[in-house]
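Next come the chains, spelled out residue by residue.
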Amino acid sequence: MKSFVYQDTTISFVTAAAQTCLLIEQAPDHERGEWIEQMLRLLPVLYLRTRLLEDAERMMEDEPQRFVTEEDYNYTLFGIRNLLGDDDAYLDVFVDRGIYTDEVATNYISEKLADIYQELKDMAAAFQIGEEPIMNDAVIACREAFDAHWGQKLTDVMRPLHAIAHSLKEDE
């Protein structure tokens, strides 16, 4: 049996993560509608690839190394914010354990995507080291972070991105 790191599901996840990182990094180089359309195609694939990861055990005691700097994070954040302009902000209803409240919060697509980017890029950078224990634990840590927070952030940004894409088509 193949090691977790070399399983098809893991390779597919890492590939989707790398594609997502690249698209987020290149946000300033894209036309807004094109970038949103590509994100709307890629984010569901990333979600699915992450959900399909098989369970695995960590191989090392220490947490995986972090690679994304504050400058990297801010570059992605402001690149997306500048691309989306006023459409970056969206209103959301706070949900706690499936119970809706009347508390409305302003959220930002750029912040949620920058948070996702940080998790994915840290994993991808660790994966590039090429040492199986490091790669293994980086993927596991990324999956744990998906379960804890960035999976929800991914689903959260789909709705406003969909709305923006739809309004751009109406404007054509």
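Source: prediction; values computed, not measured.

1. Considering helix 3 (residues 70-84)
- Compared with the 21 Å implied by 1.5 Å per residue over 15 residues, the 21 Å span of helix 3 between its first and last C-alpha is a close match.
- Restricting attention to buried positions, one finds in helix 3 the residues Tyr73, Thr76, Leu77, Gly79, Ile80, Leu83 and Leu84. Buried residues along helix 3 cover an arc of 160 degrees about the axis, so they all sit on one side. Residues Glu70, Glu71 and Asn82 are exposed on helix 3 and point more than 90 degrees away from its buried face.

2. Thoughts on the packing of aromatic side chains
- Following the criterion strictly, the structure yields two aromatic pairs and no others.
- Taken together, a centroid distance of 4.8 Å and an interplanar angle of 75 degrees make the contact between phenylalanine 146 and tryptophan 150 edge-to-face. Here the residue phenylalanine 146 and the residue tryptophan 150 both occupy positions in helix 5 (residues 132-171), the gap between them amounting to four residues, near one helical turn.
- Counting every residue linked through ring pairs, the aromatic cluster contains Tyr47, Phe146 and Trp150.

3. Structural notes on the nonpolar core
- Of all hydrophobic cores here, the largest spans 47 residues; its most connected members are Phe13, Trp35, Leu113, Leu120, Met123 and Trp150.
- Taken together, the elements giving at least two residues each to this core come down to helix 1 (8-25), helix 2 (32-51), helix 3, helix 4 (109-128) and helix 5.
- Ranked by residues supplied to this core, first place goes to helix 5 with 13 residues.
- Beyond its immediate stretch of four places on either side in the chain, methionine 123 contacts Phe13, Val14, Ala17, Ala138, Val139 and Cys142.

4. A short note on the state of the cysteines
- Evaluation of the coordinates by the stated rule reveals zero disulfides.
- There is no disulfide at cysteine 21, and the cysteine sulfur nearest it, in cysteine 142, is 8.5 Å away.

5. Description of the layout of surface pockets
- Approximately 180 Å³ is the volume found for the second largest pocket.
- Lining the second largest pocket, in full, are Val14, Ala18, Cys21, Leu22, Glu25, Lys121, Ala124, Ala125, Phe127 and Gln128.
- Elements represented by at least two residues in the lining of the second largest pocket include exactly helix 1 and helix 4.
- Partitioned by chemical class, the residues of the lining of the second largest pocket number seven nonpolar, one polar and two charged.

6. A word on helix 5
- Spanning 40 residues, helix 5 covers only 50 Å between terminal C-alpha atoms, well under the ideal 58 Å at 1.5 Å per step.
- Of all bends in helix 5, the biggest is about 65 degrees, found at phenylalanine 146.

7. Here's the deal with the packing of helix 2 against helix 3
- As a packed pair, helix 2 and helix 3 sit with axes 9 Å apart at the nearest point and diverge in direction by 120 degrees. Judged on the interaxial angle alone, helix 3 and helix 2 are oblique. Two packed elements cross with a definite hand, and for helix 2 against helix 3 that hand is left-handed. Two secondary-structure elements touch here, helix 2 through Arg32, Trp35 and Ile36 and helix 3 through Ile80, Leu83 and Leu84.

8. With respect to the packing of helix 4 against helix 5
- At their nearest, the axes of helix 4 and helix 5 sit 8 Å apart, and the two run at 155 degrees to each other. Classified by the angle between their axes, helix 4 and helix 5 sit roughly antiparallel to one another. As for how helix 4 packs across helix 5, the hand of that crossing is left-handed.

Calculation rules
- Residues numbered from 1 in each chain as written.
- Predicted model: local features only at pLDDT ≥ 70, side-chain atom pairs only at ≥ 80, totals over all residues.
- Heavy atoms only, no water.
- Helix = DSSP H or I, 4+ residues; strand = E, 2+ residues; numbered from the N terminus.
- Expected span 1.5 Å × (residues − 1).
- Buried < 20%, exposed > 50% of the residue type's maximum accessible area, 1.4 Å probe, protein only.
- Arc of directions from axis to C-beta.
- Phe/Tyr/Trp six-rings, centres within 6.5 Å; stacked < 30°, edge-to-face > 60°.
- Core = buried A, V, L, I, M, F, W, Y, C linked by side-chain atoms within 4.5 Å.
- Contact = heavy atoms within 4.5 Å.
- Disulfide = S-S within 2.5 Å.
- 1 Å grid on protein atoms, 1.4 Å probe; cavity = no way out; pocket = protein on both sides within 12 Å on 5 of 7 lines; lining within 4 Å.
- Points joined across faces, edges and corners; volume = space filled by probe spheres on them.
- Nonpolar A, V, L, I, M, F, W, Y, C, P; charged D, E, K, R; others polar.
- Bend = angle between axes of the 7 residues up to and from the residue.
- Axes fitted to C-alpha atoms, helices over the stretch in contact; angles between N-to-C directions.
- Parallel < 35°, antiparallel > 145°, perpendicular 65-115°, else oblique.
- Left-handed = near helix turned anticlockwise from the far one by under 90°.

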